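Structure assessment
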Number of protein chains: 4
Amino acid sequence: MKPQDLSGVWIPICTPFTDEKVDAGKLEKNMQVYSQTQLRGYFALGSNGEACMLDREERIKVLRTILKNKGKGQLVMAGCGYESARVTIALAREVADEGADIASVITPHYFKKVMNDDALIKFYERVADESPIPVMLYNAPGFAGGVQLSAKAVARLSEHPNIIGMKDSAPTGPNVFLSIVNRENFAVLAGSANFFITSLLMGAVGGVLSLANFLPQACCRLYDIFQQGDMERASSLQRAILRVNREISGKYGVAGVKTGMDFAGLYGGEPRLPLLPLSQDDREKVRLVLKRFVEEYPEFKSYMRI
Amino acid sequence: MKPQDLSGVWIPICTPFTDEKVDAGKLEKNMQVYSQTQLRGYFALGSNGEACMLDREERIKVLRTILKNKGKGQLVMAGCGYESARVTIALAREVADEGADIASVITPHYFKKVMNDDALIKFYERVADESPIPVMLYNAPGFAGGVQLSAKAVARLSEHPNIIGMKDSAPTGPNVFLSIVNRENFAVLAGSANFFITSLLMGAVGGVLSLANFLPQACCRLYDIFQQGDMERASSLQRAILRVNREISGKYGVAGVKTGMDFAGLYGGEPRLPLLPLSQDDREKVRLVLKRFVEEYPEFKSYMRI
Amino acid sequence: MKPQDLSGVWIPICTPFTDEKVDAGKLEKNMQVYSQTQLRGYFALGSNGEACMLDREERIKVLRTILKNKGKGQLVMAGCGYESARVTIALAREVADEGADIASVITPHYFKKVMNDDALIKFYERVADESPIPVMLYNAPGFAGGVQLSAKAVARLSEHPNIIGMKDSAPTGPNVFLSIVNRENFAVLAGSANFFITSLLMGAVGGVLSLANFLPQACCRLYDIFQQGDMERASSLQRAILRVNREISGKYGVAGVKTGMDFAGLYGGEPRLPLLPLSQDDREKVRLVLKRFVEEYPEFKSYMRI
Amino acid sequence: MKPQDLSGVWIPICTPFTDEKVDAGKLEKNMQVYSQTQLRGYFALGSNGEACMLDREERIKVLRTILKNKGKGQLVMAGCGYESARVTIALAREVADEGADIASVITPHYFKKVMNDDALIKFYERVADESPIPVMLYNAPGFAGGVQLSAKAVARLSEHPNIIGMKDSAPTGPNVFLSIVNRENFAVLAGSANFFITSLLMGAVGGVLSLANFLPQACCRLYDIFQQGDMERASSLQRAILRVNREISGKYGVAGVKTGMDFAGLYGGEPRLPLLPLSQDDREKVRLVLKRFVEEYPEFKSYMRI
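Right, let's walk through the structure included here. Note that the structure is predicted; figures quoted are calculated from it, not measured.

It is worth spelling out the arrangement of the chains at this point. Spatially, chain A and chain C are disjoint, and the shortest separation between their C-alpha atoms is 16 Å. What separates chain B from chain D at the closest point of their C-alpha atoms is a distance of 16 Å, and the two make no contact.

Here it is, written out as structure tokens:
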């Protein structure tokens, strides 16, 4: 797999629940929409998928539903991160057996105090040595209690033959990493719509964007405009998307993304406790954010139910 | 269960591995020592037990070994924290079925940004409503990515009939919580030897001390001296214990604690990757710290192999 | 000067303003009250004194007023911290010329990223070498942008003949420092009423307590009870004081302390912008906190105007 | 003054010392070089100028030297930030009297805990109301102990007629601010070379770059290439500049920048204590970083003495 094979927009896909149970039927309906878009692929069992909320059986159910319903040519990377290398490897084998293309592995973080370069490098090298499918580093200090991969660690890990790239969700964006890795062999994906085209400008091949759960078309459009070199339009759309992203995903997290999906004619619904559903007031705020967005960009209006 | 029933020193017991596999035999040997001490009980499946590193089967194995080998009258609280209330409840039922006395539940933290009072209160109330055994709050920002229970949340949760107390490992110690809860109904345990007697002075009933893995006798002695009201001696021993704790558990975490166990004639051994075993240099530093301690307190020398 | 010479309660004295100008007359009136108490001394030009808000002339005016009106035997330490050793030394000479007994020097912090042990040790050693009066380290990460002295740095600096001690306002309290310095030559003062008697238990000689601005008698009483060895009563009063401190100084900072002074018949008044005065609602909350305190401890009621 | 008047590269100019004293002669020599470049202007008395290390007389001396030696058409913004609005205004008047064009005001931060939107907005509005010259917000959490302006505060302050723009040095870059302010009336300057062209892409008009102290020509070139729309070349040069910036300014701060100046034939020299000069080993590392840079970009070789 080459970095360019990962080019484009990925969706860290949400998990619909009914009465707190995983609802594979609703997930399937959502997949019918996503599979018709230009999305490059799916990040299954990630943060937005509430994977850390699910038990083992539920995770398998979600992954199978995604794999079965993806569009032709779309790829699936599956979250396998766990605190120990041993269990992470077991999970990577499991998702590989199910048919996932890539194993996404978040930095271990429970023992934050001792998660230095040496520990993280040894962890990822062991996992990559034993994973049957390529490994994607997942740098997400916001979820990993502040643990993040250093430039030095990424430079080293990027040379491992079974580590294909990284998804970077740190609020700084992946500029530093892009300046030090060999981008011929190592793909960098922006982990937030907040810095999507700035990451592309610096050499990222795409992005894994929670916003794509409810605005997949706008995300794909932004990618296309940037590729075509229309920097002025790309900058404008990026600013508009950033505003939406901050007010929904940034402010409310997964519960906000799911509310956005509700307004986009998809199955969002409620997250699992301790995540709380939005109040009516907050739902209305989300609606207004989306309304303003489609007033500015009417080409995306038809996708919305607001 | 009353707060005074929890009085004394608890051990957040380590998990020995052989060739990376849980070694129940070694754990049993360690238990033979601990069960002869004045330790009040065991915190099984906690941070020092590397529970987050284990899979489900391994956790059950560890818990059963502890339950089977505990001393008469000693209690067992078992770690059940998971990111969702739903799975946490399932785990609480599981450890209750095995025979654990108390369910210890760390704050959920993956979705740190939205873990406000409201979310944490609803989470713990749901868990406590459904757990068949009493629940112990576990406040440990160092492991939980900085998430911590607020005074307001603890004040509220301390009134729940099935929440028996809290273990506080925040570096500030539990002074604030002790000033606001009803100590007749709610037990507070210091989560670190660094602030053991200062917490007792403020009204804590005991402590869960990683140091007790290799210095159980010294921890129990400190508790006794304090209870006897000899503040001068308590202060001196506390300062000495603090120095040891900082240089071993504080500096090296679980790997340091396990090395301390090696020097105390117990089975410590290596932690699981990404935790790294100590270098020879660092092991020697640990040995010297313990040597200095027993030179100052020769009454604990017989327990050490240094 | 010996550590025991610093024993007792110190007040980090506030600066009253009238129409935003330093009001020496009001400060004098406050001093008439404080000078009649058992307070050990004054921390002039500190955080609660809003020294960082004042220009050079104003600072001299404040310092002179305190020096002129202090009680017999009371000491004055004056804040001299500045980002460079060069200017800090100039300020230390200035306050020494005015008659201050001790120079209090907060950690430099603007260039936080490079404020490692080496930089801080060299800074303090230079300042101590050249200051005509003894130097007091001031560890206050809450004001110093998170910079704090390490145990290693304090161990080293505590041996300098012109460094007499440290005031520690880190939220953890000074337990660690107390376990490693030679308390015969180096005085440790608790920097917050939140951990006053726990610090005393561990070997501190006293405290610099913002609470003493409006509850000097209660702070001195707590110190006395602890010295007398009545741990039960000390623990109760400490918990009550902690509640007050958190709800006033902890919640509102200097503006809250000044409001507390208003209710204690002293001149508090408004702080300087960007510090904001309390709203009427918040003033009422402060009043109720104090009311509850004197209901529990009626012996301090006569000092209050609530 | 319009946003476009601020377009281009600004230098946060360093202060040379001889025997720890401000050396105006050396500063003049540096100015002779800078004044011949395409630099848009100077940020005098900023972080890299070690302004927080200087006393009042020294600051005036530095400012006068810069004003006297600047190139035709170059602008000067001067650092005036202080913890109180009152003293900040006094400083703004002072630098205006000297001839500075713009007052740069860092967020107050000593009382971090209470520096909420309300406090910061009131502070800046008061300063802007009274400053005789336009005010530039300076958002620099790395220097300001983590205090940063919120999007909401900037949105509000950007409408004040005497607030002309902001310099953003937060590690995230100014993407969010650029998406919410009216860029017709409010100029945004990137505060670090790490995210210079990504900020330009999002709508910034220029940057204040510590790197420009020793690589002014490369910074101006990067700006030009971006303006010409050659994104590929801009991206490459940006990545190279980012590498240099991280290894010098990022790693060593002001002391590193001054060492870079030494290798660029300018007067860098040593910073003031507690900033420490680089060791010989570290100087050699800086030399190698610059050597690698000019091997990749030989057009900048003639400026270097390596």
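We now examine the interface of chain A and chain D. Counting residues at the interface gives 24 residues for chain A and 24 residues for chain D. Where chain A touches chain D, the interface holds zero salt bridges. Across the contact surface, chain A and chain D share six residue pairs in polar contact (both at pLDDT 80 or more). For the side of chain A that touches chain D, the secondary structure elements donating two or more residues are helix H6 (175-180), helix H7 (196-202) and helix H9 (231-252) of chain A. With seven residues, H9(A) is the single largest residue contributor to the side of chain A that touches chain D. Across the side of chain A that touches chain D, the residue classes tally to twelve nonpolar, eight polar and four charged.

Another aspect to go through is the interface of chain A and chain B. Contacts between chain A and chain B engage 44 residues on the former and 45 residues on the latter. For the pairing of chain A and chain B, the buried interface totals around 3600 Å² over both sides, and the portion due to carbon and sulfur atoms is 64%. Put simply, chain A and chain B have four salt bridges between them. Residue Glu58(B) is joined to Arg86(A) by a salt bridge in which the shortest nitrogen-to-oxygen separation is 3.9 Å. Along the contact surface separating chain A from chain B lie 16 residue pairs in polar contact (both at pLDDT 80 or more). Elements with a contribution of two residues or more to the side of chain A that touches chain B: helix H2 (56-69), helix H3 (85-98), helix H4 (117-130) and H9 of chain A. Examining the composition of the side of chain A that touches chain B, we find that five residues originate from one element, H4(A), more than from any other. Of the residues contributing to the side of chain A that touches chain B, the split by class is 22 nonpolar, seven polar and 15 charged.

All right, on to the sheet that holds strand S4 (residues 41-44) of chain A then. All names here are of chain A. One closed barrel holds the eight strands; their spatial order is S1-S4-S5-S6-S7-S8-S9-S10, and the pairing between them is parallel. Averaged over neighbouring strand pairs, the angle between their axes works out to 25 degrees when direction is ignored. Of the strand pairs in this sheet, strand S5 (residues 75-79) and strand S6 (residues 102-106) are connected by three bridges, and their pairing is parallel. Each bridged residue has a counterpart across the sheet, and for Ala 78 the counterpart in S6 is Ala 103. Against the sheet, H2 makes contact with S4 and S5, and its axis sits at roughly 170 degrees relative to S5, the strand it touches most.

Procedures and definitions
Residues numbered from 1 in each chain as written. Chains lettered and ligands numbered in written order. Predicted model: local features only at pLDDT ≥ 70, side-chain atom pairs only at ≥ 80, totals over all residues. Heavy atoms only, no water. Contact = heavy atoms within 4.5 Å. Salt bridge = Lys/Arg side-chain N within 4 Å of Asp/Glu carboxyl O. Polar contact = N/O pair within 3.5 Å; in protein donor to acceptor, adjacent residues only side chain to side chain. Helix = DSSP H or I, 4+ residues; strand = E, 2+ residues; numbered from the N terminus. Nonpolar A, V, L, I, M, F, W, Y, C, P; charged D, E, K, R; others polar. Buried area = accessible area lost by both parts, 1.4 Å probe. Pairing = 2+ DSSP bridges. Axes fitted to C-alpha atoms, helices over the stretch in contact; angles between N-to-C directions.

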